[in-house]
Protein chains: 2
Amino acid sequence: MAKQKRSKAEDPTTEEKIIEAACKVFTQKGYAATRTRDIAEEAGINLALLNYYFRSKEKLFQMIMAEKLQQLFSVIFPIINNSQLTLDKKIEALAENYIDLLIGNPELPLFVLSEIQANPEGFKDKIQVQKILKDSSLILQIRERNPDIEPVQFIVSLLGMTIFPFVAKQVLFPNEKIFRALMEDRKKLIAAWAKAMLKTK
Amino acid sequence: MAKQKRSKAEDPTTEEKIIEAACKVFTQKGYAATRTRDIAEEAGINLALLNYYFRSKEKLFQMIMAEKLQQLFSVIFPIINNSQLTLDKKIEALAENYIDLLIGNPELPLFVLSEIQANPEGFKDKIQVQKILKDSSLILQIRERNPDIEPVQFIVSLLGMTIFPFVAKQVLFPNEKIFRALMEDRKKLIAAWAKAMLKTK
DNA sequence: GTCTATACTACGATAGAC
DNA sequence: GTCTATCGTAGTATAGAC
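The notes below deal with the structure included here. (Residues numbered from 1 in each chain as written. Chains lettered and ligands numbered in written order. Predicted model: local features only at pLDDT ≥ 70, side-chain atom pairs only at ≥ 80, totals over all residues. Heavy atoms only, no water.)

**Re the interface of chain A and chain B**
Point 1. Tallying the contact residues gives 45 residues for chain A and 45 residues for chain B.
Point 2. Overall, the association of chain A and chain B removes approximately 4000 Å² of surface from exposure, summing both partners, and the carbon and sulfur fraction of that is 74%.
Point 3. Run the count over chain A and chain B and you get zero salt bridges.
Point 4. Looking at the side of chain A that touches chain B, the elements that each hand over two or more residues are α1 (14-29), α6 (108-118), α7 (129-134), α9 (151-167), α10 (169-172) and α11 (176-198) of chain A.
Point 5. Residue contributions to the side of chain A that touches chain B peak at twelve residues, all from α9 of chain A.
Point 6. Classifying every residue of the side of chain A that touches chain B gives 30 nonpolar, ten polar and five charged. (Contact = heavy atoms within 4.5 Å. Buried area = accessible area lost by both parts, 1.4 Å probe. Salt bridge = Lys/Arg side-chain N within 4 Å of Asp/Glu carboxyl O. Helix = DSSP H or I, 4+ residues; strand = E, 2+ residues; numbered from the N terminus. Nonpolar A, V, L, I, M, F, W, Y, C, P; charged D, E, K, R; others polar.)

**So, the protein's contact with DNA strand C**
Point 1. Near DNA strand C there are 16 residues, and of these N46 and Y53 of chain A together with R35, T36 and R37 of chain B occur at the shortest range.
Point 2. For DNA strand C, the backbone portion of the atoms within 4 Å of the protein, that is sugar and phosphate, comes to 58%.
Point 3. Contact distances for DNA strand C include 2.7 Å between a phosphate oxygen and a side-chain N or O atom of Y53 of chain A.
Point 4. One of the side-chain N or O atoms of T36 of chain B is found 2.7 Å from a phosphate oxygen in DNA strand C.
Point 5. Only α3 (47-53) of chain A together with α2 (36-43) and α3 (47-53) of chain B provide two or more residues apiece to the surface near DNA strand C. (Near = heavy atom within 4 Å. Polar contact = N/O pair within 3.5 Å; in protein donor to acceptor, adjacent residues only side chain to side chain.)

**Here we look at the nonpolar core**
Point 1. I39 and F154 of chain A together with I39 and F154 of chain B are the most contacted members of the largest nonpolar core, which totals 136 residues.
Point 2. Excluding residues that lie within four positions of it along the chain, I39 of chain B makes contacts with I18, A21, A22, V25, F26, L50 and L60 of chain B. (Core = buried A, V, L, I, M, F, W, Y, C linked by side-chain atoms within 4.5 Å. Buried < 20%, exposed > 50% of the residue type's maximum accessible area, 1.4 Å probe, protein only.)

**Things to note about the protein's contact with DNA strand D**
Point 1. In the vicinity of DNA strand D lie 16 residues, with R35, T36 and R37 of chain A together with N46 and Y53 of chain B positioned nearest.
Point 2. What you see for DNA strand D is that sugar and phosphate hold 59% of its atoms within 4 Å of the protein.
Point 3. R35 of chain A is positioned with one of its side-chain polar atoms (N or O) 2.9 Å from a phosphate oxygen of DNA strand D.
Point 4. Elements supplying a minimum of two residues to the surface near DNA strand D: α2 (36-43) and α3 of chain A together with α3 of chain B.
Point 5. Of all the elements, α3 of chain B adds the most residues to the surface near DNA strand D, at four residues.
Point 6. A class-by-class count of the residues in the surface near DNA strand D yields six nonpolar, six polar and four charged.

**Some thoughts on the packing of helix α1 (residues 14-29) of chain B against α2 of chain B**
All names here are of chain B.
Point 1. With their axes 8 Å apart at the nearest point, α1 and α2 run at an angle of 130° to one another. Taken together, the axis directions place α1 and α2 in an arrangement best described as oblique. Here α1 and α2 pass one another in a crossing that is right-handed. On the side of α1, the interface is formed by K17, I18, A21, A22, K24, V25, F26 and K29, while α2 contributes D38, I39, E42 and A43.
Point 2. Broken down by class, the residue content of the contact of α1 with α2 amounts to seven nonpolar, no polar and five charged. (Axes fitted to C-alpha atoms, helices over the stretch in contact; angles between N-to-C directions. Parallel < 35°, antiparallel > 145°, perpendicular 65-115°, else oblique. Left-handed = near helix turned anticlockwise from the far one by under 90°.)

This is the structure in structure tokens:
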């Protein structure tokens, strides 16, 4: 048996332990503020070992970030492009799935957004949200439903209502339990509000 | 003439130059990623001089951050507590004033929020938004208007619609000119949408 | 694969001349 | 007040034993 390779019910591989630790520390403190020593300690291993598995802090970070971006987009993409779903269903699905994702990863949006802000060039190629949105069935459906509304404005509002509470969590919701309860309620609220918005003008 | 002290129509003081530079670099890259050398260079002065005026990177940062927090709150506070204003007027004023502020300082929210995330303890005392909101006339007016709506949920939506586009600017709006135009339109949109939301259920 | 020890670099901060 | 030069340290990364 040459290498470690599992992660079924068994103990996590060293590599997995490092990734998990890196995930935690990076998302909490951001790239620049995390020290590889912190990650090593969190993973319960040695600093040298971290450089053995991943060649550098940078490489490790990019791995984590790619994973996070994947998480974020894999929720949106299938929904907005599913032409089988009505506009109302899309809105409901978006609010519900996104909030579920974010309840499990509250620091995700702030982490991703602030790293992009800190290093925009590094993401220029990897992210073209406008392109993705441009041709989505979601845009068409909004135009169809209410031609007076600029679809982008509506989508930004929908995303804002959904994501913002998590971005501002630390400031607005000191109590974790209350926060979770509010976010659960919020799924239906956002859907209802978004639909009301579509009827304006 | 003992010290430099002006900043009328004249050239900025060295101290002012440093603050301005620090402002720019800190908000762009975040505390951990900025090097005092960058600030010095941006200010067109020497590294040693920076430590002469402000004792340390930390001190300089706290100064900037206090200023930024001040900026953010000084817009909200007078509006939500002005019992002279009707609910509708409050909503309009909030959207309009906040967007105007943020057009002038697009990186402000992401900067503040991510620094708080990176170092929550440092802000525990300085920020109690819940307390400020709790007793505001805004909350009362929302309850009065529509008892079925949880005021906090509504306010978070209002703030989300307003602030989120700036938080996600880098990702969603590569074109600066289009962005500004959208944000100008958005003032009225948010007000209209928020009012529609208040009629639901 | 995992460790200890260490090389190398970058950064914040200070000393001291002007 | 402003500079040049430098110290001390913390952080990434590597060499080499086990």
